[in-house]
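Understanding the architecture of this molecule
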Protein chains: 2
Amino acid sequence: MFLSTSHNKIDLKCRVSIPASFRMNLEKLKEPLILFKSLQFPCIEGTTLTRMQRYINAIDELDALSDDAFLLRMMMADSFEIKFDINGRVVIPDILMSFASLTSKAVFMGIGESFYIWSPSEYENQYNKSQKILNEKGPPKLILKKNE
Amino acid sequence: MFLSTSHNKIDLKCRVSIPASFRMNLEKLKEPLILFKSLQFPCIEGTTLTRMQRYINAIDELDALSDDAFLLRMMMADSFEIKFDINGRVVIPDILMSFASLTSKAVFMGIGESFYIWSPSEYENQYNKSQKILNEKGPPKLILKKNE
DNA sequence: TGGGATAACATGGGATTTTATGGTAGTCAA
DNA sequence: TTGACTACCATAAAATCCCATGTTATCCCA
């Protein structure tokens, strides 16, 4: 599972260290890493190949001409299988760098089954937005289910 | 699996480099590459021979005398098994070049089980269309499905 | 509990390999 | 013999690999 938040530097080659805990999670699952454009936010989403594979399989089950199928295919096109170097770094593709307005710093945000990579300023925007909602409306009602 | 988007040049002999990751995918599957006219868009679709076979089988399950079956057969007739040169390039047949309005640049768009080859301007159209749908209707529902 | 030793991590830089692409020579058929 | 097609060579640019280093975190023993 991907948890916790951390800040890492992006160098001139668009390399960035993926937080060690995220890497260990992927290693334990023996899963390659996929990065793609978030469909909800101006940030990058990271997840496992298996999870991405589920989206692909879903496309074939949809009406091939539907909007949903179309959007999913566009999402695949903006997805990249990413390899680590020996030090646990990855290169962020140009397309994703500009989509998420990344330059020299990245904020990693674990959200369970996947994680986000934000630019510091977009992250702050989003953080403030959610704080505001929390103050105005109070915490969301959460109903926790038992395991299994 | 075919993922990611990239832009390559088409030379005067209609040669173009297939992105290395797409080539490696085909090699791993030990599958020949098939190029054919997309049934939905003014672009070329590339896929494996095995998947092409599945398209053909699907046509056979239609009413053989229907207009749909005839139309699909016409489209499939312009399918080509493509060979790579030693550098990973292919020659795009004239019929497909003009069908997709290709001239000097090609956009390769991986969509999972197959990939598209677009002219840059058509690609931009499609991309803008997807952003519009995303803004108006939000992300596809099945994104929210849980594991298993 | 403190503080030094050790390991893990993040990051910079340079060497090496891969990739994309232009070009040329050879082959076959009309 | 010409034109189209194929196979292969050459090169620049880009991606990748791997070593070096400083910094932070962890461990262990006094």
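In case you missed it, the structure is sitting above this.
The paragraphs below set out a description of the structure included in this document. Numbering of residues starts from 1 in every chain and runs along the sequence as written. Chain letters and ligand numbers both follow the written order, the letters beginning at A and the numbers at 1. Since the coordinates come from a predicted model, pLDDT governs what is reported: local features require at least 70, and pairs of side-chain atoms require 80 or more to be given and counted, while whole-chain, interface and lining totals use all residues. Calculation of side-chain values draws on the structure's entire complement of heavy atoms; hydrogens and water are dropped beforehand.

1. As for the interface of chain B and chain A
Heads up, the rule is: For this analysis, residues touch if any pair of their heavy atoms sits within 4.5 Å. Here the buried area means the combined drop in accessible surface, using a 1.4 Å probe, for two parts upon being joined, counting both sides. Salt bridge criterion: a side-chain nitrogen from Lys or Arg within 4 Å of a carboxyl oxygen from Asp or Glu. We call two N or O atoms a polar contact when they sit within 3.5 Å, provided that within protein one can donate a hydrogen and the other can accept it, with sequence-adjacent residues counted only if both atoms are side-chain atoms. Helix and strand assignments come from DSSP, with helices taken as H or I runs of at least 4 residues and strands as E runs of at least 2, each series counted from the N terminus. For this scheme, ten residues count as nonpolar: Ala, Val, Leu, Ile, Met, Phe, Trp, Tyr, Cys and Pro. Four count as charged, namely Asp, Glu, Lys and Arg, and the remainder, Gly too, count as polar.
With 30 residues of chain B at the contact, the number on the chain A side is 30 residues. Each partner contributes to the roughly 2,700 Å² buried at the junction of chain B and chain A, and carbon and sulfur atoms together form 65% of this total. At the boundary of chain B with chain A, the tally comes to two salt bridges. The partner of Asp67(A) in a salt bridge is Lys137(B), with the nearest N and O atoms 3.0 Å apart. One can count eight residue pairs in polar contact (both at pLDDT 80 or more) joining chain B with chain A. Of all the secondary structure elements, the ones that give two or more residues to the side of chain B that touches chain A are strand 7 (105–110) and helix 5 (120–137) of chain B. Ranked by the residues each element gives to the side of chain B that touches chain A, the list is headed by helix 5 of chain B, at eight residues. Of the residues that constitute the side of chain B that touches chain A, the class distribution is 14 nonpolar, nine polar and seven charged.

2. Focus on the packing of helix 3 (residues 67–77) of chain A against helix 5 of chain B
As a reminder of what qualifies: Note on geometry: axes are lines fitted to C-alpha atoms, helical ones only across the stretch in contact, with angles between N-to-C directions running from 0 to 180 degrees. What sets the label is the angle itself: under 35 degrees gives roughly parallel, over 145 gives roughly antiparallel, 65 to 115 gives roughly perpendicular, and the rest give oblique. A crossing counts as left-handed when the near helix is turned anticlockwise from the far one by less than a right angle, and as right-handed when that turn is clockwise.
As a packed pair, helix 3 of chain A and helix 5 of chain B sit with axes 10 Å apart at the nearest point and diverge in direction by 120°. Here helix 3 of chain A lies oblique to helix 5 of chain B, going by the angle between them. Read as a crossing pair, helix 3 of chain A and helix 5 of chain B show a hand that is left-handed. Touching Asp67(A), Phe70(A), Leu71(A) and Met74(A) of helix 3 of chain A are Gln126(B), Tyr127(B), Lys129(B), Ser130(B), Ile133(B), Leu134(B) and Lys137(B), all from helix 5 of chain B.

3. A few points about the sheet that holds strand 4 (residues 44–48) of chain B
Residues and elements named next belong to chain B. The test is simple: When DSSP finds two or more bridges between two strands, those strands count as paired.
If you trace the six strands from one edge of the open sheet to the other, you get 1-7-8-4-3-5, paired in antiparallel fashion. Unpaired on one side and paired on the other, strand 1 (5–9) and strand 5 (79–82) mark the two borders of the sheet. Taking the axes of each pair of neighbouring strands and ignoring which way they run, one obtains an average angle of 25° across the sheet. Relative to strand 4, strand 3 (residues 33–37) runs antiparallel, the two sharing five bridges. Bridging across to strand 4, Ile34 finds its partner in Thr47. The strands touched by helix 2 (residues 49–60) are strand 3, strand 4 and strand 5; relative to strand 4, the strand with the most contacts, the crossing angle is about 110°.

4. Quick word on the pattern of salt bridges
Heads up, the condition is: When accessible area is computed with a 1.4 Å probe and restricted to protein chains, residues below 20% of their type maximum are described as buried, those above 50% as exposed, and intermediate ones as partly exposed.
Evaluation of the coordinates by the stated rule reveals twelve salt bridges over all chains. Two residues, Arg51(B) and Asp60(A), come together in a salt bridge whose shortest N-O distance is 3.2 Å. Here Arg51(B), found in helix 2, pairs with Asp60(A), found in helix 2 (residues 49–61), and the two come from separate chains. Residue classification places Arg51(B) among the buried residues on the basis of a relative accessible area of 11%. With a shortest N-O distance of 3.5 Å, Arg73(B) and Asp60(B) are connected by a salt bridge. In this pair, Arg73(B) sits in helix 3 (residues 67–77) while Asp60(B) sits in helix 2, placing the two residues 13 residues apart along the sequence. Note on Arg73(B): relative accessible area 38%, which makes it partly exposed. Here the salt bridges share partners, and the residues they tie into one network are Asp60(A), Arg51(B), Arg54(B) and Glu113(B).

Read these as geometric descriptors, not functional statements.
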